[in-house]
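Letter by letter, the chains look like this.
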Amino acid sequence: MIKSNVGGIDRVVRIGAGLTLMALAATGEVGMWGWLGLVPLATGLSGWCPAYLPFGLSSCKTR
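Trainee: Requested: an account of the environment of Asn 5, with residues and values cited.
Mentor: If you trace the backbone, Asn 5 turns up in the segment before helix 1 (8-26). Remark: the alpha-carbon pair of Asn 5 and Ser 58, spanning 53 residues in sequence, is separated by 4.5 Å. Not counting residues within four places of it along the chain, the set of residues in contact with Asn 5 comprises Gly 47, Trp 48, Cys 49, Tyr 52, Leu 53, Leu 57, Ser 58, Ser 59 and Cys 60.

This is the structure we're talking about:
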């Protein structure tokens, strides 16, 4: 099983940024690049970011 490495505030920011980018792409404001908002949306919803792994990063609180 994959261990979460994206914490609460990080998740909220990722989901918000992803939705904003996708909305701007859907309305034609930023073009096709806005669909890259799927990446932060997916990592925010899943709670896991593969880019954090090589650096050993985590924004989750430790117990």
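Trainee: I'd love a proper account of the packing of aromatic side chains, names of residues and values included.
Mentor: Throughout the structure, instances matching the rule amount to zero aromatic pairs. A cation over an aromatic ring shows up here: Arg 14 above the ring of Tyr 52, its NZ or CZ 5.1 Å from the ring centre.

Trainee: Quick one: what's the story with the pattern of salt bridges, residue by residue and with numbers?
Mentor: A complete count under the given rule lists one salt bridge for this structure. Note that Arg 14 is salt-bridged to Asp 10, the shortest N-O span being 2.9 Å. Pair noted here: Arg 14 and Asp 10 are both in helix 1, with a separation of four residues, about one helical turn. Given the relative accessible area of 13%, Arg 14 is considered buried.

So, how was this worked out
Residues numbered from 1 in each chain as written. Predicted model: local features only at pLDDT ≥ 70, side-chain atom pairs only at ≥ 80, totals over all residues. Heavy atoms only, no water. Helix = DSSP H or I, 4+ residues; strand = E, 2+ residues; numbered from the N terminus. Contact = heavy atoms within 4.5 Å. Phe/Tyr/Trp six-rings, centres within 6.5 Å; stacked < 30°, edge-to-face > 60°. Lys NZ or Arg CZ within 6 Å of the ring centre and 35° of its normal. Salt bridge = Lys/Arg side-chain N within 4 Å of Asp/Glu carboxyl O. Buried < 20%, exposed > 50% of the residue type's maximum accessible area, 1.4 Å probe, protein only.

These figures capture arrangement, not role.
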